[in-house]
Amino acid sequence: MAGGNERSMKALKEVWRRAENSLCADCGKPDPDWASSTLGVFICLSCSGIHRNIPSISKVKSLKMDHWDDAQVQFLAKHGNAVTKATYEAHIPIYYYQPTYNDCQVLREQWIRAKYERKEFTQPGKQLPYSDGVKEGILWKRGRDNGQFLPRKFLLSEREGCLKYFTKQDAKEPKINVKIDVINATFQPVKIGNPNGLQLTYLKDNKTRNIFVYHESGKEVVDWFNAIRSVQFHYLKVAFPIASDNEIKNRLTRNFLKEGYMEKTGPKQREAFKKRWFTLDHRRLMYFKDPLDAFAKGEVFVGSKENGYSVQKGLPSGTQGNFSWHYGLTIVTPDREYLFTCETETDQLDWIAAFTSVINQAMTPQEYASKCLDAVSFPS
């Protein structure tokens with residue numbers, strides 16, 4: 001009996017050590033130490049919790065702490081991540097967002113359920129709820145001025161190339177009508193205070209406008225997210241006919257590079273530093289009095305080092321403004337210096353790393369055009 005158990009453990013470790021099983025099958029996290037005995041995939045602890053919520057599909061066990069019998073080990077050996085992915089991920093639309101371990105719970109859960117429970121990607125040409133070029137429904141939207149979440153009708157149309165929302169269900173004219181190519185969508189459960197919270201942003205008069213929404217159903221809000229990506233993808237395919245699918249995919253929705261509180265001072269660098277919420281959206285740095293403000297109080301373009309932009313640790317000597325946080329950083333642009341302070345050294349280093357990653361990238365022609373249009377900068 002002991003010998004049989006030893007043999008099973010040895011065989012299990014051999015399967016576990018295969019290169020294909022070195023990353024979680026669902027989120028890509030390294031060194032997964034759980035597996036599904038019914039699906040044959042190796043997964044991380046976090047994804048195993050999601051699998052546990054669909055027991056009719058997946059039964060999970062720890063590779064370190066649980067007993068695996070010979071039949072279960074043989075099943076894992078026969079399947080594994082590569083074989084199982086070939087079945088359950090055979091026909092993923094190019095625009096569908098495949099979350100990583102850095103993404104929020106609702107994205108990862110609906111990805112796992114879409115694969116194994118709903119089997120959305122097993123057949124070619126399958127009609128999916130986010131793929132037909134139009135989506136209409138109710139989302140709870142945060143009021144721009146009063147902060148209340150109220151139900152609003154949203155309409156996404158590939159034919160019209162836009163997203164609309166209406167203040168009343170029977171309203172004939174939309175409150176907003178936004179071109180699909182200027183919209184970004186990113187999940188913000190912590191900031192919005194709802195596990196299904198989604199932030200929609202778009203440019204209005206070259207200023208960023210934020211809309212915060214959620215839906216009670218995780219599936220529905222993720223379907224909205226992928227419907228936006230689907231409509232964007234097909235719109236951009238027409239607009240840029242010679243671009244490859246992967247080039248277009250990289251222009252779809254994006255997560256912000258970094259968000260969080262810093263203190264800032266004004267252009268004279270003698271004013272008191274004020275605590276504000278900052279969002280770095282690629283080359284656009286915005287600040288808000290409150291994280292859920294509809295409009296930024298100021299924005300600045302962050303260019304490349306070839307164009308005279310840099311980030312420096314600390315503040316210039318002789319900085320006079322009063323500040324309560326002591327981990328400073330300075331953004332140098334051709335026009336002026338922007339001074340910030342962070343609460344901790346970790347925050348400071350994280351912000352410097354984020355700015356450095358942007359500044360080290362060469363600017364595209366579109367970004368040059370954006371810089372020319374962008375006359376907005378931080379007020380005092």
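This text follows the structure it describes.
Given the structure is predicted, the values throughout are model-derived calculations rather than measurements. (Residues numbered from 1 in each chain as written. Predicted model: local features only at pLDDT ≥ 70, side-chain atom pairs only at ≥ 80, totals over all residues. Heavy atoms only, no water.)

Student: What should I look at first to understand the packing of aromatic side chains in this one?
Tutor: Where two aromatic rings form a pair, the distance of their centres and the angle of their planes describe that pair. The full count for this structure, using the stated rule, is 19 aromatic pairs. Centre to centre, the rings of Trp140 and Tyr214 are 6.1 Å apart; their planes meet at 10°, and the pair counts as stacked. With a gap of 74 residues between them, Trp140 in strand β4 (residues 134-142) and Tyr214 in strand β10 (residues 207-214) connect regions that are remote in the sequence. Take Tyr214: its relative accessible area is 15%, and that puts it in the buried class. Ring pairing ties together the aromatic residues Tyr95, Tyr96, Trp111, Phe121, Tyr130 and Phe233, which thus form one cluster. Its end group placed over the ring of Phe240, Arg251 keeps NZ or CZ at 4.4 Å from the ring centre. Sitting above the plane of the Tyr261 ring, Lys275 keeps its charged end 4.5 Å from the centroid. (Phe/Tyr/Trp six-rings, centres within 6.5 Å; stacked < 30°, edge-to-face > 60°. Helix = DSSP H or I, 4+ residues; strand = E, 2+ residues; numbered from the N terminus. Buried < 20%, exposed > 50% of the residue type's maximum accessible area, 1.4 Å probe, protein only. Lys NZ or Arg CZ within 6 Å of the ring centre and 35° of its normal.)

Student: How do you make sense of empty space enclosed by the protein when you look at a structure like this?
Tutor: Take a probe with the size of a water molecule and roll it over the atoms, and the empty space left behind shows itself. Overall, the coordinates contain 2 cavities of 30 Å³ or more when judged by the stated rule. Mapped onto the lining of the largest cavity, the elements with two or more residues apiece are β4 and β10. When residues in the lining of the largest cavity are grouped by element, the largest group, 4 residues, is from β10. The class makeup of the residues in the lining of the largest cavity is 4 nonpolar, 2 polar and 5 charged. There are two domains that each give the lining of the largest cavity at least three residues, and those are domain 2 (134-250) and domain 3 (258-376). As for the second largest cavity, its lining consists of Lys191, Gln199, Thr201, Thr208, Asn210, Phe256, Glu259, Thr279, Met286 and Phe288. For the lining of the second largest cavity, the secondary-structure elements that each account for two or more residues are β9 (198-204), β10 and β13 (284-288). For the lining of the second largest cavity, a count of residues per class yields 3 nonpolar, 5 polar and 2 charged. For the lining of the second largest cavity, the two domains that each supply at least three residues are domain 2 (134-250) and domain 3 (258-376). (1 Å grid on protein atoms, 1.4 Å probe; cavity = no way out; pocket = protein on both sides within 12 Å on 5 of 7 lines; lining within 4 Å. Points joined across faces, edges and corners; volume = space filled by probe spheres on them. Nonpolar A, V, L, I, M, F, W, Y, C, P; charged D, E, K, R; others polar. Domains from an automatic or database assignment.)

Student: Is there a simple way to think about the nonpolar core in this case?
Tutor: If you look at the biggest cluster of nonpolar residues, it comprises 55 residues, and the most contacted ones within it are Ile43, Phe154, Leu156, Phe187, Leu198 and Leu200. Residue assignment places this core across two domains, with domain 1 (1-117) and domain 2 (134-250) each supplying three or more. Core analysis: the second largest hydrophobic core is formed by 22 residues, Phe278, Val300, Phe301 and Cys342 among them. (Core = buried A, V, L, I, M, F, W, Y, C linked by side-chain atoms within 4.5 Å.)

Student: Just to check I follow, could you spell out the sheet that holds strand β2 (residues 42-43) for this structure?
Tutor: One key point about sheets: their strands pair by backbone hydrogen bonds, in either a parallel or an antiparallel sense. Ordered by their spatial adjacency, 3 strands build an open sheet running β2-β1-β3, and the pairing between neighbours is antiparallel. The open sheet has two free edges, formed respectively by β2 and β3 (60-62), since each of these has just one partner strand. As paired strands, strand β1 (residues 34-36) and β3 are joined by 3 bridges and run antiparallel to one another. Bridging from a neighbouring strand, Ser36 pairs with Val60 of β3. (Pairing = 2+ DSSP bridges.)

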